[in-house]
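So you can see what is in the structure, the chains are spelled out below.
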Amino acid sequence: MPVAPPPVADALLAVDDLTVEFPTRRGTLTAVRGVSFAIAAGEVLGLVGESGAGKSVTGAAVIGLIDPPGRIASGRIVLDGRRIDDLPSAAMRRVRGREIGAVFQDPLTALDPLYSIGRQLVETIRAHLDLTEGQARERALSLLADVGIPAPASRFDQYPHQFSGGMRQRVVIALALAAAPRLIIADEPTTALDVSIQAQIIALLARLAREHRTAILLITHDMGVIAEIASRVAVMYAGRIVEIGDVDDVIHRPRHPYTAGLMGSIPSVRMKRDRLLQIDGSMPRLTALPRGCAFHPRCPRARAACESVDPALARLGAGQVACHWPLDVGVTA
Amino acid sequence: MTHLVEAADIACHFDVSPPWLDRVVGGASRGVLKAVDGVDLALVRGETYGLVGESGCGKSTLARLIVGLYAPTRGTIRYEGTIVSAPGRGRRNRRARRGMQMIFQDPYASLNPHWRVADIVAEPIRALAPRTRRRALQGRVEEVLLQVGLSAGDAARFPHQFSGGQRQRISIARALSAAPQFLVCDEPTSALDVSVQAQVLNLMRDLQRRLELTYLFISHNLAVVRHIADRVGVMYLGRIVESAPTAMLFDAPRHPYTRMLLDAVPDLDRTGTARTAVAGEVPDALAPPPGCAFHPRCPYANARCREEAPRLRAYGAASVACHAVEEQRVACFA
């Protein structure tokens with residue numbers, strides 16, 4: 001069953017025409033160019049793309065962590081009916097953590113090595129919720145149990161270095177959940193982990209979305225992880241969303257030539273192909289984007305219009321595609 | 001059948017003991033990390049042997065042992081029948097090992113940023129055949145650059161002028177310049193984006209066919225190994241627990257750890273299905289469990305598994321180190 005994108009009105013998070021710029025010595029670098037998407041409560045939206053596509057910058061913009069001189073040049077970010085992209089930093093700090101939790105790639109840098117994990121949890125909880133020390137400790141223990149840390153009471157006073165990679169990422173997720181946020185931004189949460197541990201963390205995120213109705217923006221380059229947990233997926237290329245739709249459609253019936261190339265280039269454990277589909281060349285530098293569609297120099301279907309007009313994201317079937325000549329259903333590149 | 005590369009009971013132990021004073025005063029005990037502990041490996045000319053395992057299983061140490069970057073604690077490595085590595089004489093036999101080269105994971109760290117591509121690519125020739133004339137050297141550099149899909153003009157540029165995928169092509173050109181027969185590739189595509197990974201994997205396959213190369217291909221990515229390898233070995237805590245032809249290993253895995261790994265891989269064809277989450281984690285390599293190292297995570301473990309370490313036994317074309325498989329306590333798919 002294709003899942004229709006939530007209408008912007010009942011979306012928990014709505015990002016509308018977001019553009020993020022970074023002024024550099026060699027001119028302005030536009031990392032995100034007019035990105036729009038929405039996530040409903042309890043939904044997992046996958047945001048995929050290769051390095052430099054702008055997926056992490058999009059996530060950072062939503063939690064208000066774009067480092068100056070980078071700035072949101074245009075667009076709106078609306079969380080639960082309230083605009084958050086123009087909040088002063090003190091107000092944004094309250095939103096971050098309280099309403100939006102964040103999980104990043106490297107669990108070790110997200111934890112303070114000098115404080116026990118119990119201390120870090122209690123502090124985070126008390127920063128956001130009006131609880132006594134004892135109540136906060138109680139909540140911290142139940143969070144640790146919830147993210148699957150065995151014997152939380154005995155690990156409460158241990159330090160991050162005493163935890164393995166997978167256990168650390170669980171602690172980071174517990175921290176992100178400290179104030180029961182309604183949205184979690186997970187940026188490559190499993191990339192630093194081994195496959196067997198990866199599966200555990202993905203199962204944990206899926207359970208959170210299901211049981212707590214937490215919305216998750218899952219940013220990753222790993223299509224396998226997206227296939228497993230996301231209900232919808234947005235594919236980014238050179239700062240734009242080129243295709244967004246139901247996960248099954250995007251993976252098995254891609255409409256954008258880039259999506260089709262990306263899917264064909266992924267080797268599979270289940271079957272062996274003689275050659276992988278190959279998209280020649282590499283993504284253009286963001287400071288030197290080609291005119292027209294940014295993908296046209298690598299696109300097997302490019303024609304004259306692609307070199308002059310950048311296609312807008314337009315409805316096609318159940319999803320949306322930004323392409324002048326999208327693929328028909330059932331055709332693979 | 002003669003093997004191009006043969007490792008016999010190879011082991012590499014690292015002494016990670018605390019300082020002497022801490023041991024005497026503080027009562028700390030000696031620690032030995034058995035990164036690789038008794039691996040037998042034989043590669044046939046022209047094949048690709050894939051080596052998979054999770055981080056810390058010893059696969060990169062094994063790669064470094066084979067090319068001679070580490071000296072083994074025990075065992076020998078032969079190349080074309082000649083011993084090239086044995087305890088205490090790891091770096092000798094330079095002549096014998098000139099047929100092997102290595103490709104590293106990180107194309108940013110493995111190329112000297114101050115050198116031009118021409119010098120980087122010519123380095124193995126300079127080291128192995130220092131009297132090569134400049135003109136011949138230049139010609140050879142241009143030839144290998146063209147082979148890996150770069151242009152002759154790229155020789156004059158510096159590494160920072162290239163993208164990650166192009167840099168990995170430079171690494172491959174460097175490895176090929178002295179015309180080796182055997183390449184050890186340690187996670188050569190792990191730092192690359194999938195579309196670039198596809199380019200590099202296709203290139204490696206084309207080069208193998210054209211130049212009759214033999215690859216030892218190390219990766220944590222099972223899909224990549226399935227794609228490129230003819231045979232696959234699965235490592236766990238310093239040992240190979242299963243080794244089999246690729247199709248057999250992926251379609252009918254025998255060792256419980258191999259099955260667990262395969263179940264844990266996310267797959268595009270199974271949207272919305274949860275993987276079998278694997279219980280537990282890789283144990284501390286400094287204090288491996290007694291008996292079979294996998295027994296604390298294994299659903300089939302019994303008393304024998306907790307005491308006696310299993311040895312590799314042949315089952316047709318596959319070999320598996322598992323008591324449960326031997327005693328037929330595990331149902332096999334095949």
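Source: prediction; values computed, not measured.

J.: Break down the overall build of chain A for me, citing the residues and quoting the values.
T.: Scanning chain A from N- to C-terminus turns up twelve helices and twelve strands. Taking 20 Å as the expected radius of gyration for a compact globule of 333 residues, we find that chain A reaches 21 Å, a close match to that expectation. Taken along the three principal axes of its C-alpha coordinates, chain A extends 65 × 50 × 40 Å. Across the 333 residues of chain A, 50% fall into the buried class. Taking the intrachain contacts of chain A between residues at least 6 apart in sequence as the baseline, contacts between residues at least 24 apart amount to 65%.

J.: Explain the packing of helix H5 (residues 164-176) of chain B against helix H6 (residues 194-211) of chain B to me, using residue names and the numbers behind them.
T.: All names here are of chain B. In the contact formed by H5 and H6, the axes pass within 9 Å of each other and the chain directions differ by 20°. On the basis of their axis angle, the class for H5 and H6 is roughly parallel. Both H5 and H6 take part in a crossing whose hand is right-handed. Residues Gly164, Gly165 and Gln168 of H5 form the contact with H6, whose participating residues are Val196, Gln199 and Val200. Here the contact of H5 with H6 is built from residues that sort into two nonpolar, four polar and no charged.

J.: Break down the interface of chain B and chain A for me, with residues and values.
T.: Each partner contributes to the interface: chain B provides 36 residues, whereas chain A provides 36 residues. Taken together, the elements giving at least two residues each to the side of chain B that touches chain A come down to H6, helix H7 (222-228) and helix H9 (256-264) of chain B. With seven residues, H6 of chain B is the single largest residue contributor to the side of chain B that touches chain A. Taken together, the residues that form the side of chain B that touches chain A break down as 18 nonpolar, ten polar and eight charged.

J.: Tell me about the sheet that holds strand E5 (residues 82-83) of chain A, and name the residues and values.
T.: Residues and elements named next belong to chain A. The sheet built from four strands is open, its strands ordered E2-E1-E4-E5 with antiparallel pairing. Lying at the two open borders of the sheet, with one neighbouring strand each, are strand E2 (27-39) and E5. Bridging between strand E4 (residues 71-79) and E5 involves two bridges; their strand directions are antiparallel. The residue of E5 that forms the bridge with leucine 79 is arginine 82. Packing against the sheet, helix H1 (residues 55-62) makes contact with strand E1 (13-24), E2 and E4, and its axis sits at approximately 110° to E1.

J.: Any chance you could break down H5 of chain B for me, citing the residues and the numbers?
T.: Residue and element names in this part refer to chain B. A rise of 1.5 Å per residue sets the reference length of H5, with its 13 residues, at 18 Å; its end C-alpha atoms lie 18 Å apart and thus fit the reference within 8%. The element H5 is largely enclosed, with a buried count of twelve among its 13 residues. Among the residues making up H5, those that are buried are Gly165, Gln166, Arg167, Gln168, Arg169, Ile170, Ser171, Ile172, Ala173, Arg174, Ala175 and Leu176. On its buried side, H5 packs onto strand E6 (100-103), helix H3 (117-128), helix H4 (134-147), strand E7 (182-186) and H6.

J.: Describe in detail helix H11 (residues 257-264) of chain A, supporting the description with residues and values.
T.: The periodicity of an α-helix, 3.6 residues per turn, causes residues three or four places apart in sequence to face the same way. Counting buried residues along H11 of chain A, seven of its eight residues qualify, which places the element largely inside the surrounding structure. Taken together, the buried positions of H11 of chain A are occupied by Pro257, Tyr258, Thr259, Ala260, Gly261, Leu262 and Met263 of chain A. Structurally, H11 of chain A contributes buried residues whose contacts are with strand E9 (232-237), strand E10 (240-246) and helix H10 (247-252) of chain A together with H6 of chain B.

J.: With reference to specific residues and values, describe the confidence of the model for chain B.
T.: Averaged over every residue, the pLDDT of chain B is 87; residues scoring 70 or more account for 95%. Here the predicted complex scores 0.83 on pTM and 0.77 on ipTM.

Parameters at a glance
- Residues numbered from 1 in each chain as written.
- Chains lettered and ligands numbered in written order.
- Predicted model: local features only at pLDDT ≥ 70, side-chain atom pairs only at ≥ 80, totals over all residues.
- Helix = DSSP H or I, 4+ residues; strand = E, 2+ residues; numbered from the N terminus.
- Rg over C-alpha atoms; globule rule 2.2 N^0.38 Å.
- Buried ≥ 20, exposed ≤ 12 C-beta atoms within 10 Å, placed from the backbone.
- Contact = placed C-beta atoms within 7 Å.
- Axes fitted to C-alpha atoms, helices over the stretch in contact; angles between N-to-C directions.
- Parallel < 35°, antiparallel > 145°, perpendicular 65-115°, else oblique.
- Left-handed = near helix turned anticlockwise from the far one by under 90°.
- Nonpolar A, V, L, I, M, F, W, Y, C, P; charged D, E, K, R; others polar.
- Pairing = 2+ DSSP bridges.
- Expected span 1.5 Å × (residues − 1).
- pLDDT = per-residue confidence, 0-100.

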